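Per-entry structural report
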Amino acid sequence: MTAPTLAAEEATSRVAVALPDVEGDRGTPGWLRVRGIPCLAWWHRPDPDAATGWGVVLCPPVGFEHQGMHRALRVLARRAAAQGHAVLRLDYPGTGDSAGEDGGPDDWSGWVASVRAAAAALRAEAGVARVCLAGVQLGGTLAALACAEDGAGAAEGGAPVADALALVAPVAQGRAWLRERRALLGTMGRTDGGEALPAGVPSGAEEAGGVVFAEGTRAALGAVQLAALAGALPPRVLLLDRDDRPPSEAVSRAWGARGVAVTHRRLAGYDLLLRDNRLNFRLSHSFPHDAVSILSKERLEPGRWHHVAVSYDGSSRAEGVTVYLDNRRLMTEVEYDDLKRNIRQRYSIHKGPLMGLSFGEKVLDKSMPGGEVDEFLLFNDMLTTREV
């Protein structure tokens with residue numbers, strides 16, 4: 001099956017290969033051919049009866065961060081598909097399991113082209129009407145560039161590259177990101193640039209964070225300034241900052257001034273959600289890598305009032321959290337148990353005001369439509385089972 005051609009040199013096609021279901025993932029591997037290079041793409045298709053008409057391209061980070069994020073992105077893809085969205089997970093040319101050699105002179109433009117190719121393939125093969133490009137760190141930057149570099153923000157035929165962006169801690173300044181990579185090598189005792197580079201890599205290339213960057217790729221990345229990004233952007237953008245990283249405030253202000261509806265949030269804190277009518281309590285510094293998440297085994301009965309309580313002993317462990325429903329202690333299962341840092345949102349003049357408490361709403365979550373809250377109490381101490 002062949003998707004629409006983005007440009008003469010960017011023919012996009014997919015060949016599906018059936019593999020056994022893994023952990024209920026429902027992902028199907030296939031290939032996107034970008035500039036003659038086969039790129040691995042995992043497809044996650046929703047139940048046709050629950051399809052929302054939205055497609056999501058997940059743009060991963062590169063290097064060490066990609067390795068650390070792989071499982072989280074797979075879980076995110078599965079959950080997004082369960083909510084009715086068609087999802088495509090992408091490996092850029094020369095990265096992950098895609099063909100091509102890293103360190104090529106055209107890596108940067110090839111990565112951007114692969115994001116655009118993935119968006120076009122979603123529209124053509126999944127039949128979605130709207131596409132969201134969701135990227136983490138450098139993947140978020142590539143997602144934004146995939147829209148802006150098209151000038152009019154549209155692929156061939158007039159369809160926009162994307163209708164929305166969701167960016168998690170995007171690289172806002174390429175030069176600063178490259179300096180951080182070099183500093184990391186320095187802390188590892190590799191100030192000379194690291195191990196010998198593969199044969200055939202152009203002279204002047206550098207290894208940074210597990211990826212070989214040719215001189216031209218470094219120059220293109222070093223010139224990135226998301227706040228000053230020219231070209232078209234989607235009408236809606238979600239910016240999620242990590243609490244331990246510089247904020248994207250300048251990007252948010254600049255894009256907002258251009259008429260883009262920007263929602264800007266940070267990830268630290270705690271929350272109580274409903275997932276398939278099961279209670280989900282989470283403590284996070286940066287979800288899901290630095291977080292605790294537990295899920296009740298029992299489901300709430302819809303259409304009636306419930307008394308819900310959660311106690312936490314401050315241990316940063318899942319075993320320190322207890323969930324109660326209608327004055328009964330619930331059996332729970334641990335989803336994540338790796339909280340290493342604090343969950344406080346730290347105020348600074350760069351980050352703006354703290355979010356505080358909110359009810360019935362959360363970024364990217366609509367788990368309680370039509371629900372109501374009658375009373376809320378917060379105690380500065382851990383309540384015992386008898387006190388609950």
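Above this text is the structure in question.
Residues numbered from 1 in each chain as written. Predicted model: local features only at pLDDT ≥ 70, side-chain atom pairs only at ≥ 80, totals over all residues. Heavy atoms only, no water.

**Quick notes on the overall build of the chain**
- Within the chain one finds 6 helices and 17 strands.
- Per-residue burial for the chain yields a buried fraction of 45% across its 388 residues.
- Sequence-distant contacts in the chain: of pairs separated by 6 or more residues, those separated by 24 or more amount to 66%.
- Summing over all exposed atoms, the chain offers an accessible surface of approximately 19800 Å²; the carbon and sulfur share of this is 52%. (Helix = DSSP H or I, 4+ residues; strand = E, 2+ residues; numbered from the N terminus. Buried < 20%, exposed > 50% of the residue type's maximum accessible area, 1.4 Å probe, protein only. Contact = heavy atoms within 4.5 Å. Areas by Shrake-Rupley, 256 points an atom, 1.4 Å probe, with all protein chains shown as cover.)

**Details of helix 5 (residues 215-222)**
- For helix 5, the full list of buried residues reads Thr217, Arg218, Leu221 and Gly222. Viewed along the axis of helix 5, the buried residues span an arc of 130 degrees, placing them on a single side of the element. In helix 5, those exposed residues whose orientation departs by more than 90 degrees from the buried face are Glu215 and Ala219. (Arc of directions from axis to C-beta.)

**Examining the pattern of salt bridges**
- On inspection of all chains with the given rule, the structure shows 10 salt bridges.
- Of the charged contacts, one joins Glu333 and Arg278 as a salt bridge, the two residues approaching to 3.1 Å between their closest N and O atoms. Here Glu333 is found in strand 17 (residues 332-337), whereas its partner Arg278 is found in strand 12 (residues 278-286), with 55 residues between them in sequence.
- For Glu333, a relative accessible area of 34% corresponds to the partly exposed category.
- Close ionic contact of Lys340 with Asp338 constitutes a salt bridge, the shortest N to O distance being 3.1 Å.
- A relative accessible area of 55% means that Lys340 is categorised as exposed.
- By sharing partners, the salt bridges in this structure join Arg79, Arg275 and Glu335 into a single network. (Salt bridge = Lys/Arg side-chain N within 4 Å of Asp/Glu carboxyl O.)

**Considering the environment of Pro170**
- Looking at where Pro170 falls in the secondary structure, it is placed in the loop between strand 6 (164-168) and helix 4 (174-187).
- The spatial distance from the C-alpha of Pro170 to the C-alpha of Val136 is 6.1 Å, given a sequence separation of 34 residues.
- For Pro170, the residues in contact, after removing those within four places along its chain, are Gln137, Gly140, Thr141, Leu226, Leu239 and Ser248.

**Looking at helix 3 (residues 138-148)**
- In terms of residue burial, helix 3 counts as a mostly covered element, since 11 of its 11 residues are buried.
- Listed as buried for helix 3 are Leu138, Gly139, Gly140, Thr141, Leu142, Ala143, Ala144, Leu145, Ala146, Cys147 and Ala148.

**As for the state of the cysteines**
- Counting across every chain of the model gives 0 disulfides.
- In this structure Cys59 is not part of a disulfide, and its nearest cysteine sulfur, from Cys132, lies 9.1 Å away.
- Cys59 sits in the buried class, given a relative accessible area of 1%. (Disulfide = S-S within 2.5 Å.)

**What about the environment of Val212?**
- With respect to the helices and strands, the residue Val212 is situated in strand 8 (residues 211-213).
- Taking the C-alpha atoms as reference points, Val212 and Thr95, separated by 117 residues in sequence, lie 10.0 Å from one another.

**So, unusual backbone geometry**
- The phi torsion at Asp326 lies on the positive side, around 50 degrees, for a residue other than glycine.
- Along the polypeptide, Asp326 turns up in the loop between strand 15 (321-325) and strand 16 (328-329).
- Of note in this structure, Asn327 is not a glycine but carries a positive phi near 70 degrees.
- Residue placement: Asn327 occurs in the loop between strand 15 and strand 16.

**Details of the nonpolar core**
- Of all hydrophobic cores here, the largest spans 52 residues; its most connected members are Trp108, Trp111, Leu133, Leu165 and Trp255.
- The biggest single contributor to this core is helix 2 (residues 107-126), with 10 residues.
- Setting aside anything within four residues of it in sequence, one finds Leu165 in contact with Cys132, Leu133, Ala143, Ala144, Cys147, Leu233, Pro234, Arg236, Val237, Leu238 and Trp255.
- Core analysis: the second largest hydrophobic core is formed by 13 residues, Val292, Leu325, Leu330 and Leu339 among them. (Core = buried A, V, L, I, M, F, W, Y, C linked by side-chain atoms within 4.5 Å.)

**What to know about the sheet that holds strand 16**
- Strand order in the open sheet formed by 3 strands is 14-15-16, with antiparallel pairing between adjacent strands. The sheet is open, and its two edges are formed by strand 14 (308-312) and strand 16, each paired on a single side.
- Note that strand 15 and strand 16 share 2 bridges and pair antiparallel. Residue pairing in the sheet places Leu325 in a bridge with Arg328 of strand 16. (Pairing = 2+ DSSP bridges.)

**Some words on the packing of aromatic side chains**
- The full count for this structure, using the stated rule, is 5 aromatic pairs.
- The interplanar angle of 80 degrees and the centroid separation of 6.2 Å between the aromatic rings of Trp111 and Phe213 together place this pair among those described as edge-to-face. Taken as a pair, Trp111 in helix 2 and Phe213 in strand 8 lie far apart in primary sequence, 102 residues in all.
- Here Trp111 falls in the buried class, since its relative accessible area comes to 0%.
- Given a relative accessible area of 0%, Phe213 falls into the buried group.
- With a centroid separation of 5.8 Å and 70 degrees between ring planes, the pair formed by Trp177 and Phe213 is classed as edge-to-face. Linking Trp177 in helix 4 with Phe213 in strand 8, this pair joins segments that are 36 residues apart in sequence.
- Here the aromatic residues Tyr92, Trp108, Trp111, Trp177 and Phe213 are joined through ring pairs into a cluster of three or more. (Phe/Tyr/Trp six-rings, centres within 6.5 Å; stacked < 30°, edge-to-face > 60°.)

Geometric descriptors of this kind do not, in isolation, establish any biological role.
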